[in-house]
Amino acid sequence: MSAAPSQPLPHERARPLPPGSTYPAKDLCSQCGLCDSRWVAYVRSSCAFLEQRFESMEHQAHGRTRNLDDEDELYFGVQQRMLSARLAAPIEGAQWSGIVSRLGVRALESDLVDAVLCVQQSPDDRFTPLPVLARTPAEVLAARVNKPTLSPNLRVLEQLPGSGIRRLLAIGVGCQVQALRAVQATLPLDELYVLGLPCVDNVSRQGLQTFLNSASRSPDTVVHYEFMQDFRIHFRHADGSEETVPFFGLDTPALKDVFAPSCLSCFDYTNAGADLVVGYMGAEFGHQWITVRNPRGQRLLDLVEAELDTAPVTSRGDRRAAVQQGIGAYDKAVKLPLWLAEVIGFFVQRFGPRGLEYGRFSIDSHFTRNALWLQRHHPELVERHIPAFARRIVDRYTLPTP
Ligand SMILES: Cc1cc2nc3c(=O)[nH]c(=O)nc-3n(C[C@H](O)[C@H](O)[C@H](O)COP(=O)(O)OP(=O)(O)OC[C@H]3O[C@@H](n4cnc5c(N)ncnc54)[C@H](O)[C@@H]3O)c2cc1C
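As the structure is a computational prediction, the values presented were derived from the model and not from experiment. (Residues numbered from 1 in each chain as written. Predicted model: local features only at pLDDT ≥ 70, side-chain atom pairs only at ≥ 80, totals over all residues. Heavy atoms only, no water.)

Engineer: How would you sum up the site of the ligand? Please name residues and give values.
Structural biologist: Taken together, 33 residues form the shell around the ligand, and within it Trp-96, Ser-101, Val-145, Asn-146 and Lys-147 come nearest. Between the ligand and Trp-96, the relevant distance is 2.6 Å, taken from an oxygen atom to a main-chain nitrogen or oxygen of the residue. Val-100 is positioned such that a nitrogen or oxygen atom in its backbone is 2.9 Å from an oxygen atom of the ligand. Isolated, the ligand exposes 910 Å² of accessible area, and the fraction of that covered by the protein chains is 97%. Among the elements of the structure, helix H5 (99-109), strand S2 (115-122) and strand S9 (276-279) are those that each provide at least two residues to the shell around the ligand. Here the shell around the ligand gets three residues from one element, more than from any other, and that element is H5. A per-class count over the shell around the ligand returns 18 nonpolar, 12 polar and three charged. (Near = heavy atom within 4 Å. Polar contact = N/O pair within 3.5 Å; in protein donor to acceptor, adjacent residues only side chain to side chain. Areas by Shrake-Rupley, 256 points an atom, 1.4 Å probe, with all protein chains shown as cover. Helix = DSSP H or I, 4+ residues; strand = E, 2+ residues; numbered from the N terminus. Nonpolar A, V, L, I, M, F, W, Y, C, P; charged D, E, K, R; others polar.)

Pasting the structure below:
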């Protein structure tokens, strides 16, 4: 990484864009925060929505690109190990069992890093993200649980120069990690570890409200939610009660435009550039799903592995017919009556895809939807925006006419 330069680097001459100005990716901007820092100088060669560069990123981060002929790598990216796990002593209030937060805490306690880039919540709204460079375990724990909205994580790069932080653990979703990897060599850091989250269907704060209003019986009291492997959305309310709603009962016509255009044009669901990825969708219900991409990722996992109940990943069922049917239903914006949604949910939950096959179901469904969205809304970007691995997956299905 960069030694102290004698001449100012381009980013040192550049001024951050004022928040709210038009960002270079325009309607496709995911507000990753890069353009609110002086590293905006690199936006043309780093923004995930101006140009996709998976191959060079994978090469830079892992020393090789994914093997497209290996089904696990085609779907889940470069890897040396996948496992399913949960913290034996879960962290209360975390999104799942809290592996990500515990890892951030241990990275500070073991002096692996000086700070952790993570996302706390704004003081007046639990769902408005507040990215920080956490220097203490308490600050990392304050960032636990998803803020399911677009988050300007890279804005805090602006605070790095002069901070004394030379070793950083960055936690983030794919678009943030793509931009971070692209500017990594110019950052004033000696070490960068990247802990990725899979991510799909993110929304603006306003879009989140539309979603909650349409899907939950009590939108104002929701404190946590997740689309889970049992094909239901689980909402937790402020009084501790839980509400579950079948995926198939969502008001698709009302929700079709709710997702951010960045997410509708994204193919980095499984966070290809991270050293270690911690999600849930490739694990059995109740467990988290871990992908170690390279030795740095294993070094991160070593910080918490003794605290985990682990199990091998599993895979059951066959997703393909369900994906193909879902493409047509989504495109026609079909809204099912709740009783029918419950019946379908019952059968899918019992006989539908599980484990890694559920992960592939979700990837197939989102990649086909996004390819179609790009063809319809940005046909000029299709060629350079859909990476080879996503194209190979999309080509397995029949899409409606653009
Ligand atoms: C927007 C979003 C969508 C996701 N979608 C999927 C999915 O489709 N499939 C899947 O398998 N996993 C998904 N995940 C990951 C999953 O929901 C959990 O976050 C992950 O398994 C870690 O759980 P945990 O209990 O260890 O996290 P915790 O210990 O609770 O820590 C959560 C971490 O998330 C970070 N964070 C919170 N909000 C954001 C944000 N908006 N942007 C970046 N970082 C954030 C915080 O910094 C914190 O460190 C998603 C995460 C996010 C943030």
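Next comes the rest of the description.
Engineer: Could you give me a rundown of unusual backbone geometry, with the residues and numbers involved?
Structural biologist: In most cases, non-glycine residues show a negative phi, while peptide bonds are predominantly trans. Look at Lys-26: it is not a glycine, yet its phi comes out positive at around 50°. Position of Lys-26 among the secondary structure elements: in the loop between helix H1 (10-13) and helix H2 (43-46). The phi angle at Asn-271 is positive, at roughly 60°, despite the residue not being glycine. With respect to the helices and strands, Asn-271 occurs in the loop between helix H10 (261-264) and S9.

Engineer: Account for the pattern of salt bridges, naming residues and giving values.
Structural biologist: The final tally for this structure, using the stated rule, is 27 salt bridges. Salt-bridge contacts for Arg-38 lead to Glu-158; the nearest nitrogen and oxygen are separated by 2.9 Å. With a gap of 120 residues between them, Arg-38 in the loop between H1 and H2 and Glu-158 in the loop between helix H6 (137-141) and strand S4 (167-172) connect regions that are remote in the sequence. Classification of Arg-38 as partly exposed rests on a relative accessible area of 22%. (Salt bridge = Lys/Arg side-chain N within 4 Å of Asp/Glu carboxyl O. Buried < 20%, exposed > 50% of the residue type's maximum accessible area, 1.4 Å probe, protein only.)

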